[in-house]
Amino acid sequence: MPRPDVLKEIKEAEARADEIIAEAESDREERIAEARQEADEIRAAAREEAEERATERLAEAEKDIEARREQLLEEGEETRQALVDDASDRVDDAVDLALERFEEAVDAQT
């Protein structure tokens, strides 16, 4: 093969090699960009899912707190009613005791 033909083939091979390298670098950059985009999407989805879970947990906690609040209010009302009933039962005793002491005081003065 004549020398000019060999040089021409070498130059063509180098040109093809440069094209292959350029394509590979371009492909690499595209893949990196795609990977970054995918990572961003995964992070966003994970963030959204975490926020949804947090919202659900907060709603559950609020529901539990409201149920406990209602229970405490009911227990408090029952205790209050028991105290009112007990106090009402003692009013008659207190009136009787007051009258008895008043009568004793009146009798003591006469």
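Rules behind the numbers
- Residues numbered from 1 in each chain as written.
- Predicted model: local features only at pLDDT ≥ 70, side-chain atom pairs only at ≥ 80, totals over all residues.
- Heavy atoms only, no water.
- Helix = DSSP H or I, 4+ residues; strand = E, 2+ residues; numbered from the N terminus.
- Buried < 20%, exposed > 50% of the residue type's maximum accessible area, 1.4 Å probe, protein only.
- Areas by Shrake-Rupley, 256 points an atom, 1.4 Å probe, with all protein chains shown as cover.
- Lys, Arg positive; Asp, Glu negative; His and termini not counted.
- Charge placed at Lys NZ, Arg CZ, Asp CG, Glu CD.
- Patch = residues over 30% accessible without salt bridge, like charges linked within 9 Å, V, L, I, M, F, W, Y side chains within 5 Å.
- Salt bridge = Lys/Arg side-chain N within 4 Å of Asp/Glu carboxyl O.

Caption draft 1: Seen up close, the overall build of the protein chain. In terms of regular secondary structure, the protein chain is built from one helix and zero strands. In terms of overall dimensions, the protein chain has a C-alpha envelope of 155 × 20 × 10 Å along the principal axes. Sorting the 110 residues of the protein chain into buried and exposed places 0% on the buried side. Working note: accessible area of the protein chain is about 10200 Å², and carbon and sulfur atoms make up 53% of it. Of the charged side chains in the protein chain, 17 are positive and 39 negative, and the gap between their average positions amounts to 14 Å.

Caption draft 2: Inspection of a negative patch on the surface at higher detail. Together, Asp-85, Asp-89, Asp-92, Asp-93, Asp-96, Glu-100, Glu-103, Glu-104 and Asp-107 make up a negatively charged patch on the protein surface. Along the chain, Asp-89 turns up in helix 1 (residues 3–109). Its relative accessible area of 54% is what places Asp-89 among the exposed residues.

Caption draft 3: Examining a nonpolar patch on the surface more closely. A cluster of nonpolar side chains, contributed by Val-6, Leu-7 and Ile-10, occupies part of the molecular surface with about 230 Å² of accessible area. For Val-6, the position within the fold is in helix 1. Classification of Val-6 by relative accessible area gives partly exposed; the value is 33%.

Caption draft 4: Structural detail: the environment of Ala-45. Checked against the element boundaries, Ala-45 lands in helix 1. Ala-45 sits 24 residues away from Arg-69 along the chain, and the two C-alpha atoms are 36 Å apart.

Caption draft 5: Here's a closer look at the environment of Gln-81. With respect to the helices and strands, the residue Gln-81 is situated in helix 1. Sequence separation between Gln-81 and Ile-21 is 60 residues; the distance between their C-alpha atoms is 88 Å.

Caption draft 6: The pattern of salt bridges, seen in detail. Following the criterion strictly, the structure yields eight salt bridges and no others. For Arg-31, the salt bridge goes to Asp-27, with nearest N and O atoms at 3.1 Å. Placement of both Arg-31 and Asp-27 in helix 1 is noted, with a separation of four residues, approximately one turn of the helix. A relative accessible area of 55% means that Arg-31 is categorised as exposed. Relative accessible area serves as the criterion here: at 33%, Asp-27 is assigned to the partly exposed category. A salt bridge links Glu-77 to Arg-80; its shortest N-O distance comes to 2.7 Å. Of this pair, Glu-77 and Arg-80 both sit in helix 1, three residues apart, which is roughly one turn of that helix.

None of the figures reported here should be taken as evidence of function without further support.
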